[in-house]
Amino acid sequence: MERKLKKIPKHFQEILKVASRIAARSGFKIYLVGGVVRDLILGKAIFDLDIVVEPDAIGFAQTLAQHFKTKFRRHHTFGTATVYFGKYKIDFATARKEHYPHWGALPKVSPVTLKEDLFRRDFTINAMALSLNKKDYGQIIDFYNGLTDLRKGLIRILHPDSFLEDPTRILRAIRFEQRFSFKIEKNTYNLMKEALKVGAIRFVHAHRLRDEIILILKEPQPYRYIKRLDKLTKLSFIDDRLRLNLATYQLLARVKKAITSYKKRFKKHRKLDEWLLYLAAVVINLGQERIVKFLQRFDLRKGEKIRILSIKENLKKVKRIGKKTTPYVVYQFLNPLSFEAIVFFYAYYNQKMIKKNIELFFDELAKVRLKTKGGDLSKLGIKPGTIYTRVFEKLLKAKLNKGLKTKQEELKEAAKIFQRATKKEPGL
Ligand code: CTP
């Protein structure tokens, strides 16, 4: 198994070897655990490392940080710590048992052995460990037959109350099932259905649900995940009235296509929060008030809420750019919107003119900036005041509609604009 560790990025391998020596010297036992072990066995790329420490992660992390003369942060409530190595970090957790005061609540923790720590985890495939200890470095530790389930492609919980204790696992089961094209094992499936029947998801703190949904929407093909999620949960935890239909799935497919072509064609533009577009596609048919309630309940960030709401609010208004119009009108409408909203509209509407105008915006209009500054207007003899805003606005309009390129052209136009304004309002 030691060769499995070779798949870990080089910068981490070195650290792990040193960590192993320090653990042996100072009486700690350390293990790689969870998703990283699963992904190593599956031969997937590794980005993050989770390490469980017996008996005390904070003590170990502190020793390690001192050795590397680097920063570390401790979280006493959960017995966890993070050590920072330049742009990388490793999370350490004390082997622990979790106790849920009530359904869906955040757990209270107490220290236990590795075996017990692994038992409280979600699925057998995520409950394996890899020893980082001197005597069996790289050895896989598999108390609960995770390896067999991984080979058979099965998602299996470790104890019957798993979904009730932590209903976000319902969403996680679907995520892993879809990501790896695995099957949810029969008994697990039945217990999941039972948990759904008693409304377990409703007891979860909304922000935990939000995090899980965002993870789902960040998967490469969220379309499939949403379909499965809808079939199993009816998505009533988002909103009771939510009904997905063929049109929703067609929209989701078009959103994916629009994101792909945005990324290919407009490489220099800002990166999109792609998950946000998929979420908008799911909730777009709900009334505005229901969307507001959902966004508040799920406690999305302010900027995220604003972007999703503006998609709903502007959905009909987009038709303004669905006919032949001037570049300035296109700019005026699209420029205040987020790029997520614009790409969403590109996907939502099949009208050629809307698509063409959006392409024009991304290709040319979005990067248009006036070369003329306040000082230039003053040199033209225009006295500073509110007139500047008007001149700049009209100048931008002229630049976009007439395609002015040079500063010279802009200044000439600015002078004309000012003359016209003074004719109307002498004394400006
Ligand atoms: N875990 C759990 N129950 C949860 C969440 C996490 O038991 N509700 C455990 C699992 O052992 C999981 C580990 O904590 O493997 C790490 O959680 P996380 O980073 O969320 O998941 P990964 O399995 O690493 O999945 P991903 O590849 O999506 O990061």
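Quick caveat, the model's predicted, so the values are computed rather than measured.

Draft legend 1. Expanded view of the pairing of strand β1 (residues 29-33). Buried residues dominate β1, accounting for four of its five residues. Pairing analysis gives four bridges linking β1 to strand β2 (residues 50-54), with the strands arranged antiparallel. Within the sheet, the bridge partner assigned to L32 lies in β2 and is I51. Pairing analysis gives three bridges linking β1 to strand β8 (residues 129-131), with the strands arranged antiparallel. Within β8, the residue paired with Y31 across the bridge is S131.

Draft legend 2. Spotlight on the site of the ligand. Every one of the 13 residues lining the ligand counts as a neighbour, but R38, D122, D166, R175 and R179 are closest to it. R121 places a polar side-chain atom, nitrogen or oxygen, 3.0 Å from an oxygen atom of the ligand. Backbone polar atom of D122 to an oxygen atom of the ligand: 2.7 Å apart, as the coordinates give it. Against a free-state accessible area of 570 Å², the protein chains account for coverage of 72% of the ligand. The cavity that encloses the ligand is the largest pocket. Those elements that place two or more of their residues in the shell around the ligand are α2 (35-42) and α7 (168-180). Broken down by element, the residue count for the shell around the ligand peaks at six residues, all from α7. Taken together, the residues of the shell around the ligand sort by class into one nonpolar, four polar and eight charged.

Draft legend 3. Region of the structure containing the packing of aromatic side chains. Under the counting rule described, the total for this entry stands at 24 aromatic pairs. Residues Y223 and Y249 carry aromatic rings whose centres are separated by 5.6 Å and whose planes lie at 70° to one another, so their mutual orientation is edge-to-face. Here Y249 lies in helix α11 (residues 246-265) and Y223 lies in helix α10 (residues 222-233), a separation of 26 residues in the sequence. For the ring pair F344 and F345, a centre distance of 6.3 Å and an interplane angle of 80° mean the geometry is edge-to-face.

Draft legend 4. Molecular detail of the layout of surface pockets. Here the largest pocket defines a volume of roughly 1800 Å³. If you trace the largest pocket, you find 49 residues lining it, with D50, R121, R172, R175 and E212 closest to the centre. Going through the elements one at a time, α2, β2, β4 (80-85), β5 (88-94), β6 (96-99), α7 and α9 (206-217) are the ones with two or more residues in the lining of the largest pocket. Here the lining of the largest pocket gets seven residues from one element, more than from any other, and that element is α7. Quantified by volume, the second largest pocket comes out at close to 240 Å³. Taken together, P327, E364, L365, V368, R369, K371, K399, L400, G403, L404 and K405 make up the lining of the second largest pocket. When its residues are assigned to classes, the lining of the second largest pocket shows five nonpolar, one polar and five charged. Looking at which domains feed residues into the lining of the second largest pocket, each of domain 2 (238-365) and domain 3 (374-422) supplies at least three.

Draft legend 5. The pairing of β4, seen in detail. With respect to burial, β4 is a largely interior element, six of its six residues being buried. The hairpin turn running from strand β3 (residues 72-75) into β4, its antiparallel successor, is four residues long, and G79 in that turn takes a positive phi close to 65°. Note that β4 and β5 share six bridges and pair antiparallel. Among the inter-strand pairings, Y84 is bridged to a residue of β5, identified as K89.

Draft legend 6. Focus on the nonpolar core. Counting residues in hydrophobic clusters, the biggest one holds 138 residues, and the most contacted among them are L32, F60, F92, F237, F344 and F361. Ranked by residue count, the leading element in this core is helix α12 (residues 274-283), at nine residues. Beyond its immediate sequence surroundings of up to four residues, F237 is in contact with L171, I201, L209, I213, L229, R297 and F298. Counting residues in each nonpolar core, the second largest holds eleven residues, with Y31, V33, Y144 and L158 among its members.

Draft legend 7. Main features of the domain arrangement of the chain. What the domain assignment lists for the chain is domain 1 (2-152), domain 2 (238-365) and domain 3 (374-422). The straight-line distance from the C-alpha centre of domain 1 to that of domain 2 is 41 Å.

Draft legend 8. Here's a closer look at the side chain of E413. Note on placement: E413 falls in helix α20 (residues 407-424). The buried category is assigned to E413, whose relative accessible area is 6%.

Cut-offs and rules
Residues numbered from 1 in each chain as written. Predicted model: local features only at pLDDT ≥ 70, side-chain atom pairs only at ≥ 80, totals over all residues. Heavy atoms only, no water. Buried < 20%, exposed > 50% of the residue type's maximum accessible area, 1.4 Å probe, protein only. Helix = DSSP H or I, 4+ residues; strand = E, 2+ residues; numbered from the N terminus. Pairing = 2+ DSSP bridges. Near = heavy atom within 4 Å. Polar contact = N/O pair within 3.5 Å; in protein donor to acceptor, adjacent residues only side chain to side chain. Areas by Shrake-Rupley, 256 points an atom, 1.4 Å probe, with all protein chains shown as cover. 1 Å grid on protein atoms, 1.4 Å probe; cavity = no way out; pocket = protein on both sides within 12 Å on 5 of 7 lines; lining within 4 Å. Sits in = over half its atoms within 2 Å of the grid points. Nonpolar A, V, L, I, M, F, W, Y, C, P; charged D, E, K, R; others polar. Phe/Tyr/Trp six-rings, centres within 6.5 Å; stacked < 30°, edge-to-face > 60°. Points joined across faces, edges and corners; volume = space filled by probe spheres on them. Domains from an automatic or database assignment. Core = buried A, V, L, I, M, F, W, Y, C linked by side-chain atoms within 4.5 Å. Contact = heavy atoms within 4.5 Å.

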